[in-house]
Amino acid sequence: MVFKLNSHLLSRIASSNGHGEDSPYFDGWKAYDTDPHHPTDNPNGVIQMGLAENQLCFDLIQDWLKKNPKASICSPEGLNEFRETAIFQDYHGLPEFRNAVANFMEKVRGNRVTFDPDRIVMSGGATGAHETLAFCLADPGEAFLVPTPYYPGFDRDLRWRTGVKLIPVHSDSSNNFMVTREALENAYERARLDNIKVKGLLITNPSNPLGTILDRETLRSIVRFINEKNIHLVCDEIYAATVFSQPDFISIAEILQEDIECNLDLVHIVYSLSKDMGFPGLRVGIIYSYNDSVVSCARKMSSFGLVSTQTQYLIASMLSDSEFVEMFIRESKSRLAARYRVFTRGLHQVGIECLKTSNAGLFLWMDLSRLLKEQTLEAEMELWRVIIHEVKLNVSPGCSFHCLNPGWFRVCFANMDDDTMQVALSRIKTFVNKEVDTKKPKKNLRWQGSLKLLNSPRIYDDFINSPHSPIPQSPLVRART
Ligand SMILES: Cc1ncc(COP(=O)(O)O)c(C=O)c1O
């Protein structure tokens, strides 16, 4: 029997491409999936540097689990709790879970703020939290402003099933991608001219992909902006505990505690344990809203994406262990800082710089603009193809984050072990040095850290067609280029 895909048999949502997966961000993952690097089985495969995962502290988690077998309802020590846990399905969640999460959120923010456990609403990761908030705050056709560059998943999470629009607030490399009042006003005005009702502003602090944090003055100016326009402010703070060097992270909750005029009903925080604890698979997402009606509605909606009670039980137990949590946060920051240092220094040795103002996240924002044939987003994509197919690194091009300045790439560095990181680093160095060598006049043997020669328009054609490419492209990757 032959099955035909009749799109008219499906809903508009099912047959649309609102899932946002037609993007180089996701294509890179597919390239990795078809040819994944393995130190012994496939040493020339693609290294996954497109995944913002925090895998640097699993030894600490495993140690804790060994010492606390009662935290699992599937261990002999915890079995007595199995029945009660398996039948619990209240969408308020276990009280001890909400308490532990509220405490953890305070700790991560230096205990400078307090969170009310009764305002904690569960969701399936931050992904679910964003969609739920979009459903609560806006109707189809209405919009959220989002400063660029932003996490590509937002195009799916906030828009796909809700019909909500996202309007980019463009930032620029000239001021390190700061979110300015002027850019916010411009985007707001653009929406007004297009007859689009703006219902909110979504900020990510610390930023994915920039790895920067918003300073106090910017946060105040954002609060003033949303308050004056009477629109919502959604703050995605899921990277709060990844701030690995000074200055400290400032949560929006801290600003609200200041003497600043703001209608609290407009403010909502999205949190999750996917990044700070490194548990994306556990799908622990949180909506923390200052608005009673949003808390109440989001809680009802959370029926569609509850955190399993088994996970709540485990997390409640783990996060209630203050000593462990403090040690974990400290150690995680220190390991992230070390990774960041090694990687940025390595890149610096071959003349590649990263955004200087970054001090958070699981990635760096790498400036390869000097390697572009010309300063366009097309040239950025061309370079990206070389990096993924020839250098065999899945990094994500800036355009997939809606960045308008060509040549920026997000490089994730916390989802691999030290050895793989070194392989990745040496691939980049070899790539850059090889290009410099090829183009350098032979008598000048000392390269002076400048990448100017790489601006030759032919250089990537040479590289793409090189008979010395490390390995042939996988059929799928080739088909996609
Ligand atoms: C800024 C941001 N928000 C939300 C998410 C989704 O997180 P979760 O795994 O908790 O759904 C991500 C994941 O990368 C992210 O970077």
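Conventions we followed
- Residues numbered from 1 in each chain as written.
- Predicted model: local features only at pLDDT ≥ 70, side-chain atom pairs only at ≥ 80, totals over all residues.
- Helix = DSSP H or I, 4+ residues; strand = E, 2+ residues; numbered from the N terminus.
- Contact = placed C-beta atoms within 7 Å.
- Pairing = 2+ DSSP bridges.
- Axes fitted to C-alpha atoms, helices over the stretch in contact; angles between N-to-C directions.
- Expected span 1.5 Å × (residues − 1).
- Buried ≥ 20, exposed ≤ 12 C-beta atoms within 10 Å, placed from the backbone.
- Arc of directions from axis to C-beta.
- Near = placed C-beta within 6 Å.
- Nonpolar A, V, L, I, M, F, W, Y, C, P; charged D, E, K, R; others polar.
- Core = buried A, V, L, I, M, F, W, Y, C linked by C-beta atoms within 7 Å.
- Domains from an automatic or database assignment.
- Parallel < 35°, antiparallel > 145°, perpendicular 65-115°, else oblique.
- Left-handed = near helix turned anticlockwise from the far one by under 90°.

Asker: Please set out the overall build of the protein chain residue by residue, giving values where relevant.
Answerer: For the protein chain, the count of helices and strands is 17 helices and 13 strands. A sequence separation of at least 24 residues applies to 73% of the contacts in the protein chain between residues at least 6 apart.

Asker: Can you lay out the sheet that holds strand β12 (residues 396-397) for me, pointing to particular residues and giving the numbers?
Answerer: Reading across the sheet, the four strands line up as β9-β10-β13-β12 and stay open at both edges, with antiparallel pairing between neighbours. Two strands bound the open sheet, and with one partner strand each, they are β9 (353-354) and β12. Here strand β10 (residues 363-367) pairs with strand β13 (residues 408-412) via five bridges, running antiparallel. In the sheet register, Phe363 faces β13, and the bridge partner there is Cys412. Where helix α13 (residues 322-349) meets the sheet, it contacts β9 and β10, and its direction lies at approximately 15 degrees from that of β10.

Asker: So what's going on with helix α9 (residues 216-229)? Which residues, and what values?
Answerer: With 14 residues, α9 extends 20 Å between its outermost C-alpha atoms, agreeing within 8% with the 20 Å of an ideal straight helix rising 1.5 Å per residue. Buried within α9 are the following residues: Leu219, Ile222, Val223 and Ile226. Projected onto a plane normal to the axis of α9, the buried residues spread over an arc of 100 degrees and lie on a single side. Of the exposed residues in α9, those oriented more than 90 degrees away from the buried face are Glu217 and Glu228. Against β5 (198-204), β6 (232-236) and α10 (252-257) lie the buried residues of α9. Following α9 by one or two positions, Asn230 has its phi on the positive side, about 60 degrees.

Asker: Explain the site of the ligand residue by residue, including any values.
Answerer: Within the structure, the ligand sits among 14 residues, and Gly125, Ala126, Thr127, Ser272 and Ser274 are positioned closest to it. If one sorts the elements of the shell around the ligand by residue count, helix α6 (residues 125-137) sits on top with three residues. Partitioned by chemical class, the residues of the shell around the ligand number five nonpolar, eight polar and one charged.

Asker: Mind laying out the sheet that holds β5, listing which residues take part and the relevant values?
Answerer: The strand order β2-β8-β7-β6-β5-β3-β4 describes an open sheet built from seven strands, whose pairing is mixed. Both outer strands of the open sheet, β2 (120-124) and β4 (165-169), are each paired with one neighbouring strand and no more. Averaged over all adjacent pairs, the angle separating strand axes in this sheet is 25 degrees, with direction ignored. Pairing geometry for strand β3 (residues 143-147) and β5, over three bridges, is parallel. The residue of β5 that forms the bridge with Phe144 is Gly200. α6 contacts β2, β5, β6, β7 (267-272) and β8 (284-289) of the sheet and is inclined by roughly 35 degrees relative to β8.

Asker: Account for unusual backbone geometry, naming residues and giving values.
Answerer: Each neighbour pair has its own omega, and for Thr148 with Pro149 the value is -10 degrees, a cis peptide bond. Here Pro149 is to be found in the loop between β3 and α7 (154-157). Of the consecutive residues Asn208 and Pro209, the connecting peptide bond is found in the cis state with omega at 25 degrees. You can see Pro209 is positioned in the loop between β5 and α9. Unlike most non-glycine residues, Phe177 shows phi in positive territory, near 60 degrees. One non-glycine residue, Lys392, lies in the positive phi region at around 65 degrees. Along the chain, Lys392 turns up in the loop between α14 (377-391) and β11 (393-394). Its 23 C-beta neighbours within 10 Å are what place Lys392 among the buried residues.

Asker: Hey, could you go over the nonpolar core for me, with residue numbers and the actual values?
Answerer: One broad rule of soluble globular proteins: the nonpolar side chains tend to lie buried together. Grouped together as the largest cluster of nonpolar side chains are 126 residues, with contacts concentrated most on Val270 and Met366. If one sorts the elements of this core by residue count, helix α5 (residues 95-108) sits on top with seven residues. Formed jointly, this core draws a minimum of three residues from each of two domains, domain 1 (12-58 + 327-480) and domain 2 (69-320). In this structure Met366 touches Leu347, Ile352, Cys354, Trp408, Phe409 and Val411, once residues within four positions along its chain are discounted.

Asker: Would you mind going over the packing of α5 against α13 in detail, with residue names and values included?
Answerer: Look at α5 against α13: their axes get within 11 Å of each other, and the N-to-C directions meet at 40 degrees. The angle between α5 and α13 falls in the class oblique. Here the hand of the crossing between α5 and α13 comes out right-handed. Listed contacts from α13 to Phe104, Lys107 and Val108 of α5 are Val325, Glu326 and Ile329. Of the residues assigned to the contact of α5 with α13, the class counts are four nonpolar, no polar and two charged.

Asker: Before we move on, could you go through the environment of Glu131 and cite the residues and values that matter?
Answerer: Among the secondary structure elements, Glu131 is positioned in helix α6. Between the alpha carbons of Glu131 and Thr162 there is a distance of 7.4 Å; along the sequence they are 31 residues apart. In this structure Glu131 touches Asp157, Leu158, Arg161 and Thr162, once residues within four positions along its chain are discounted.

Don't take any of this as a statement about function, it's just geometry.
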